[in-house]
Amino acid sequence: MKTYHIITIGCQMNKSDSERLASILEKNGYRKTDNKYKADLITVNTCGVRQMAEDRIYGLIPEIKRKNKKAKIILTGCLVNRKDVRRRLEKYVDIWMMITEMTNDKFPMTNQCQISNVKYQNDYLKIVPKYESKFSAYVPIGNGCDNFCSYCVVPYARGREVYRLAKDIVDEAKNLVNRGYKEIILIAQNVNSYKSGKIDFADLLKQLDNIKGDFWLRFITSHPKDMSDKLIKTIAGSKNICRHIHLPVQAGDDKVLNKMNRQYARIDYIKLVKKVRQDLNDQFPIFNDQKNTKLKIQNLWKQPVAITTDIIVGFPGETKKQFDNSAKLMKEVKFDLAYIVRYSPRPGTAAFKMADNVTKLEKKRREEKLMEILRKTALDNNKKYIGKIVKVLVEGKDKRGKLFGSTETAKVVKISNAPCNDKLIGEFADVKIIKVMDFGLEWEIA
Ligand code: SAH
Ligand code: SF4
């Protein structure tokens, strides 16, 4: 039997695409191996969002080809159509395949017979994935992006927005919940731009929230410009939707936001966060366990909604003053978590033509400054958890063999005392928080 190995770099969308690829390969008789030097087929699912992610493949692919000469190497993902990447790796890569092509004749490893009833070119999201986890699943609701932020390669790499039918999404989620999955994570480049006929993202969430069962519903990523009142109200009134909104701001200065083509101003973002906090914090906590509703209201603490973000430092032309506006915004909003990244010029984007004139050292300094603010606001937010009982989804064991999980507000919670029970992995547990850090919480078994 032939074997395959998939290497995934980048975002949740890539991880989910790799799960579909694995499913197609297994349907066609391939078996998974963890050893990339022994596999017959190696797929590298690439990311082109930043130079650092891109650079990983330049060492990796030639090394695999050297040590595993008989293997066929497939390159897919966001870098597949970059001419310079093709030139650089043409000696090592056997097949260049867009992810949407995984079932057609570009990809001779599959015989297509089991899957011929679907037009996959636009509809590859219909492929039922081989989910990596037994209790938490990514469910893509669409692919592509129409926004063309000036720094971003996604609209070029993944094409225009295409969304799945609501019925298909609800069916997939229902099936997962019936199989005992505890967490459904909806993914798309901008989940809240979702549109399918008359159904918008809020309508879709409502349908998913009505699925019977004890599960959490999450979604990433939301674009601030599409965060409608209807959507906020829907989240506030839901049973299963987690009180966590990932809302990338990217910059805190109007001129920079404008040059980034983000389509909102600093004040719009601040007002939006206030509204989200107000509307979501006014509601009851999640208690979808019908029998124990009373008990849960008494015992479980109502966690304030968590707001997390992505923010870029050192965008072309970003002055010290403009950067200070990002720092001020972070102090004002008090994020629970932020992915702070240094601007990385991407070939083909509008910003690539602007001079990348903030030095490496200055980008590093700006990144550190924002990190310092984040540590403080995250710790302040986490302090509210001390002594409280919260529901966590237990996700696994860390290197020291201790259990960890997440709250609905996406805070990582570690158990501080041993021993721990493996049976808890993949289950919900109500735990008491005894210690907090800037990026995490700790609980102990009573
Ligand atoms: N659709 C999401 C983001 C998708 S890309 C949104 O609109 O916010 C994921 C993250 O990568 C972005 O939020 C941004 O912070 C980062 N990113 C994208 N292009 C980048 C670039 N050229 N340099 C640095 N970071 C970048
Ligand atoms: Fe990239 Fe902007 Fe689209 Fe997000 S909204 S994927 S940052 S172009």
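Rules and cut-offs
- Residues numbered from 1 in each chain as written.
- Chains lettered and ligands numbered in written order.
- Predicted model: local features only at pLDDT ≥ 70, side-chain atom pairs only at ≥ 80, totals over all residues.
- Heavy atoms only, no water.
- Near = heavy atom within 4 Å.
- Nonpolar A, V, L, I, M, F, W, Y, C, P; charged D, E, K, R; others polar.
- Buried < 20%, exposed > 50% of the residue type's maximum accessible area, 1.4 Å probe, protein only.
- Helix = DSSP H or I, 4+ residues; strand = E, 2+ residues; numbered from the N terminus.
- Pairing = 2+ DSSP bridges.
- Right-handed = clockwise from strand over helix to strand, strands pointing away.
- Patch = residues over 30% accessible without salt bridge, like charges linked within 9 Å, V, L, I, M, F, W, Y side chains within 5 Å.
- Areas by Shrake-Rupley, 256 points an atom, 1.4 Å probe, with all protein chains shown as cover.
- Salt bridge = Lys/Arg side-chain N within 4 Å of Asp/Glu carboxyl O.
- Lys, Arg positive; Asp, Glu negative; His and termini not counted.
- Charge placed at Lys NZ, Arg CZ, Asp CG, Glu CD.
- Axes fitted to C-alpha atoms, helices over the stretch in contact; angles between N-to-C directions.
- Contact = heavy atoms within 4.5 Å.
- Domains from an automatic or database assignment.
- Buried area = accessible area lost by both parts, 1.4 Å probe.
- Polar contact = N/O pair within 3.5 Å; in protein donor to acceptor, adjacent residues only side chain to side chain.
- Expected span 1.5 Å × (residues − 1).
- Parallel < 35°, antiparallel > 145°, perpendicular 65-115°, else oblique.
- Left-handed = near helix turned anticlockwise from the far one by under 90°.
- Core = buried A, V, L, I, M, F, W, Y, C linked by side-chain atoms within 4.5 Å.
- Phe/Tyr/Trp six-rings, centres within 6.5 Å; stacked < 30°, edge-to-face > 60°.
- Lys NZ or Arg CZ within 6 Å of the ring centre and 35° of its normal.

## Description of the site of ligand 2
Point 1. As a matter of local geometry, ligand 2 sits amid Cys145, Asn147, Phe148, Cys149, Tyr151, Cys152, Val154, Pro155, Gln189, Asn190, His223 and Arg262.
Point 2. Among the residues making up the shell around ligand 2, the classes are represented as seven nonpolar, four polar and one charged.

## Focus: the pairing of strand E14 (residues 306–313)
Point 1. Among the eight residues that make up E14, seven are buried, leaving the element largely enclosed by the rest of the structure.
Point 2. Where strand E13 (residues 244–246) lies against E14, three bridges are found, and the strand directions are parallel. By the bridge assignment for E14, His244 is matched with Ala306.
Point 3. Across six bridges, E14 lies against strand E15 (residues 337–342) in parallel orientation. Looking across to E15, one finds that Ile311 is bridged to Ile340.
Point 4. As for the winding sense of the linkage, the β-α-β connection from E14 through helix H12 (residues 320–333) to E15 is right-handed.

## Re a positive patch on the surface
Point 1. A contiguous patch of positive charge on the surface is contributed by Lys321, Lys328, Lys331 and Lys369.
Point 2. By residue number, the principal contributor to the positive patch is H12, which donates three residues.
Point 3. Locating Lys369 in the fold gives a position in helix H13 (residues 360–383).

## Points about the sheet that holds E13
Point 1. Strand order in the open sheet formed by three strands is E13-E14-E15, with parallel pairing between adjacent strands. Edge strands, defined here as strands with exactly one partner in the open sheet, are E13 and E15. Adjacent strand axes in the sheet meet at a mean angle of 10°, parallel and antiparallel pairs treated alike.
Point 2. Lying on the sheet, H13 is in contact with E14 and E15; it crosses E15 at an angle near 175°.

## Quick notes on the domain arrangement of the protein chain
Point 1. Assigned domains of the protein chain: these are domain 1 (3–119), domain 2 (133–383) and domain 3 (389–445).
Point 2. Taking both partners together, domain 2 and domain 3 bury about 2,300 Å²; carbon and sulfur atoms supply 59% of that area.
Point 3. On the domain 2 side of the interface with domain 3, the three residues burying the most area are Trp216, Gln303 and Asn382, jointly 29% of the side's total.
Point 4. Our enumeration of links across domain 2 and domain 3 arrives at eleven residue pairs in polar contact (both at pLDDT 80 or more).
Point 5. If you list the elements that add at least two residues to the side of domain 2 that touches domain 3, you get strand E12 (216–220), helix H11 (293–299) and H13.
Point 6. Sorting elements by how many residues they give to the side of domain 2 that touches domain 3 places H13 first, with seven residues.
Point 7. Looking at the side of domain 2 that touches domain 3 residue by residue, the class counts come to 15 nonpolar, five polar and nine charged.

## Side note on helix H10 (residues 266–281)
Point 1. If you check H10, its first and last C-alpha atoms are 23 Å apart, about what 16 residues at 1.5 Å a residue would give, namely 22 Å.
Point 2. Taken as a whole, H10 has its buried residues at Arg266, Tyr269, Ile270, Leu272, Val273, Val276, Asp279 and Leu280.
Point 3. The inward-facing, buried residues of H10 abut helix H8 (229–236), E13, helix H9 (254–260), E14 and H12.

## As for the packing of H12 against H13
Point 1. At a closest axis distance of 9 Å, the pairing of H12 and H13 adopts a crossing angle of 15°. One finds that H12 runs roughly parallel with respect to H13. Here H12 runs over H13; the crossing is right-handed. Contacts between H12 and H13 involve Lys320, Phe323, Asp324, Ser326, Ala327, Met330 and Lys331 from the former and Glu362, Arg365, Arg366, Lys369, Leu370, Ile373, Leu374 and Thr377 from the latter.

## Things to note about the nonpolar core
Point 1. Formed by 71 residues in total, the largest nonpolar core has its most connected members in Leu186, Phe201 and Tyr269.
Point 2. Setting aside residues no more than four positions away along its own chain, Phe201 makes contact with Ile141, Leu186, Val191, Asn192, Tyr194, Phe219 and Leu231.

## Concerning the packing of aromatic side chains
Ring pairs (aromatic) are described by centroid distance and by the angle formed between their planes.
Point 1. Throughout the structure, instances matching the rule amount to ten aromatic pairs.
Point 2. When the ring of Phe148 is compared with that of Tyr156, the centres are 5.4 Å apart and the planes differ by 80°; the resulting orientation is edge-to-face.
Point 3. Judged by relative accessible area, Tyr156 falls into the partly exposed class, the value being 43%.
Point 4. Aromatic pair Tyr163 and Tyr194: ring centres 5.4 Å apart, planes at 70°, arrangement edge-to-face. Within this pair, whereas Tyr163 is found in strand E8 (residues 162–163), its partner Tyr194 is found in the loop between strand E9 (183–187) and strand E10 (195–196), the two being separated by 31 residues in sequence. By the burial criterion, Tyr163 is buried, and Tyr194 matches it.
Point 5. Each residue in the set Tyr151, Phe315 and Tyr343 is aromatic and connected to the rest through ring pairs, giving one cluster.
Point 6. Over the face of the ring belonging to Trp301 we find Lys388, whose NZ or CZ atom lies 4.9 Å from the ring centre.
Point 7. Above the plane of the ring of Phe428 lies Lys391, whose end atom (NZ or CZ) is 4.2 Å from the centre.

## Concerning the site of ligand 1
Point 1. Taken together, 17 residues lie near ligand 1, and Gln189, Gln250, Arg262, Asp310 and Ser344 sit nearest.
Point 2. Within the contact set of ligand 1, an oxygen atom lies 3.0 Å away from a side-chain nitrogen or oxygen of Arg262.
Point 3. Contact with the protein chains covers 88% of the free accessible surface of ligand 1, which is 540 Å².
Point 4. Contributions of two or more residues to the shell around ligand 1 are made by E14 and E15.
Point 5. Residue classes in the shell around ligand 1 are distributed as six nonpolar, six polar and five charged.

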